[in-house]
Every structure is written in C-alpha cells, then in structure tokens.
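# Summary of structural features
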Amino acid sequence: MLKAAYLAGVVTAHAAARLADGEVLPPLMGYEHLSGRSYLSEIGSDGTTTPEMTAREGLEGNEHGAVRGVLVVDGRIEFLPEVDFALLIDIVEYGPVRQTMQLLLPYRHARSPRGFALHELSVVNFDNIADADEAPILARIFDGVYSLPAHVELWDKHFEKT
C-alpha cells in the first residue's frame, strides 16, 4: 500500500495544481504496472455514464491490469465553514489481498474571494489495512505530494489549517 500511497500523492498534487489555476477538474486516474511504470489519465464519459462513474468502474475493475491505482474526483462538501469543495481520493492496491483507502482533501475554490486554499487531508475509510499502518501510509502520500518542487511550493503556499 505504500507504493499506492505515493502514487496517490503525486496524482493529488497534480489535481491541486490544476484547481489552484481555477481549472475544472475531470476525474484523474493514476495507475502503475508491475514494471513500475506509472500513468496518469483524465477520464471522460463513455457515453452511458458520467465521467465519475466511468472512472470508478475503471478503478474497481482494474481496467488497465495495474498492480495499484488511484482515482481523484472533485466534489462538493457542506460540513466546513467557507470550504465547499473537496477532492475524494480512492487508493487501491490490487495484490492478492486487495487493500483500499479513501481520503478527503477539502479545499477552497480559486474563485473564492479569499482565493485557493488546501486543508487537512483526512481518512474516510479503509479496508484490509491495520490501524497502525495508517500513519506510514499518510506519510508516503505526502512523499508523493512533495515529489516535484512546484508541488511543494503550491502546497506550502496554499495550505491552511482548519
């Protein structure tokens, strides 16, 4: 799960950079093959479902034959003052025992009068992961977030404690 967490950090940082620029974010899927080669793709509609449903089906069904996958979807939330949006991050390690983790990253939209801001990442759900493994997984996510200097700068500039 640590490699999947790193991949999740990279994809999440990419999503945050696009949101900071005020872009509309389509579902983003990152996945990695056994060879270690990783990919990032934007998910559109397949004509029968929404882009989010298409992406979720792709992640769940492992359509790319990956060893791990990540899905980052933009959404709305209503439980934090002045924060109406969040990235929902789904992480899957497809191994012999499938491990999953779902995270929420609240943010303030770039069009907000106060400008773009990222808030604290929180774990929403996990399966086949021991409670004691949660901290190293979260640390590995931030290793992925901080893997590119531009992402470090963005995160440091826009992070606000809630």
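Everything that follows concerns the structure shown earlier in this document.
Residues numbered from 1 in each chain as written. Predicted model: local features only at pLDDT ≥ 70, side-chain atom pairs only at ≥ 80, totals over all residues. Heavy atoms only, no water.

### Notes on the packing of aromatic side chains
Any two aromatic rings considered together are summarised by their centre-to-centre distance and by the angle between their planes. To keep things clear, this is the line we draw: Stacked, tilted and edge-to-face are the three classes applied to pairs of Phe, Tyr and Trp rings, where Trp contributes its six-membered ring and a pair requires centres within 6.5 Å; stacked means planes under 30 degrees apart, edge-to-face means over 60, and tilted covers the rest. Numbering of helices and strands starts at the N terminus; helices are DSSP runs of H or I of at least 4 residues and strands are runs of E of at least 2. Residue exposure (1.4 Å probe, protein chains only): buried if accessible area is under 20% of the type maximum, exposed if over 50%, otherwise partly exposed.
Within the structure shown, the criterion is met by 5 aromatic pairs. Centroid distance Tyr31 to Tyr39: 5.2 Å. Interplanar angle 20 degrees. Geometry classified as stacked. On the numbers, 6.0 Å between centres and 85 degrees between planes, the contact of Phe142 with Trp155 is edge-to-face. Placement of the pair is Phe142 in helix H3 (residues 134-145) and Trp155 in helix H4 (residues 149-158), with a sequence separation of 13 residues. Trp155 gets classed as buried once you look at its relative accessible area, which sits at 4%. These aromatic residues form a ring-pair network of at least three members: Phe85, Tyr107 and Phe116.

### Focus: the environment of Pro106
Turning to its location among the elements, Pro106 is positioned in strand S5 (residues 99-108). Between the alpha carbons of Pro106 and Thr48 there is a distance of 29 Å; along the sequence they are 58 residues apart.

### Overview of the side chain of Asp90
Test applied: Side-chain atoms alone can form a polar contact between residues adjacent in sequence; in general such a contact is a pair of N or O atoms within 3.5 Å, and within protein one must be able to donate a hydrogen while the other accepts it. Throughout, a residue-residue contact means that at least one pair of heavy atoms, one from each residue, lies within 4.5 Å.
By the secondary structure assignment, Asp90 is in strand S4 (residues 83-93). Judged by its relative accessible area of 12%, Asp90 is buried. Here the side chain of Asp90 touches Gln102 through a polar contact of 2.8 Å, side chain to side chain. Apart from the residues within four sequence positions on either side, Asp90 is in contact with Arg56, Leu59, Gly69, Val70, Leu71, Met101 and Gln102.

### Notes on the pairing of strand S2 (residues 38-42)
The condition is simple: A strand pair is defined by DSSP finding two or more bridges across the two strands.
For strand S1 (residues 28-32) and S2, the ladder comprises 5 bridges, and the chain directions are antiparallel. Its bridge partner being in S2, Glu32 is matched across the sheet by Ser38. In this antiparallel pair of consecutive strands, S1 and S2, the connection spans 5 residues, and Gly36 shows a positive phi of 95 degrees.

Keep in mind that these numbers describe shape and distance, not what the molecule does.
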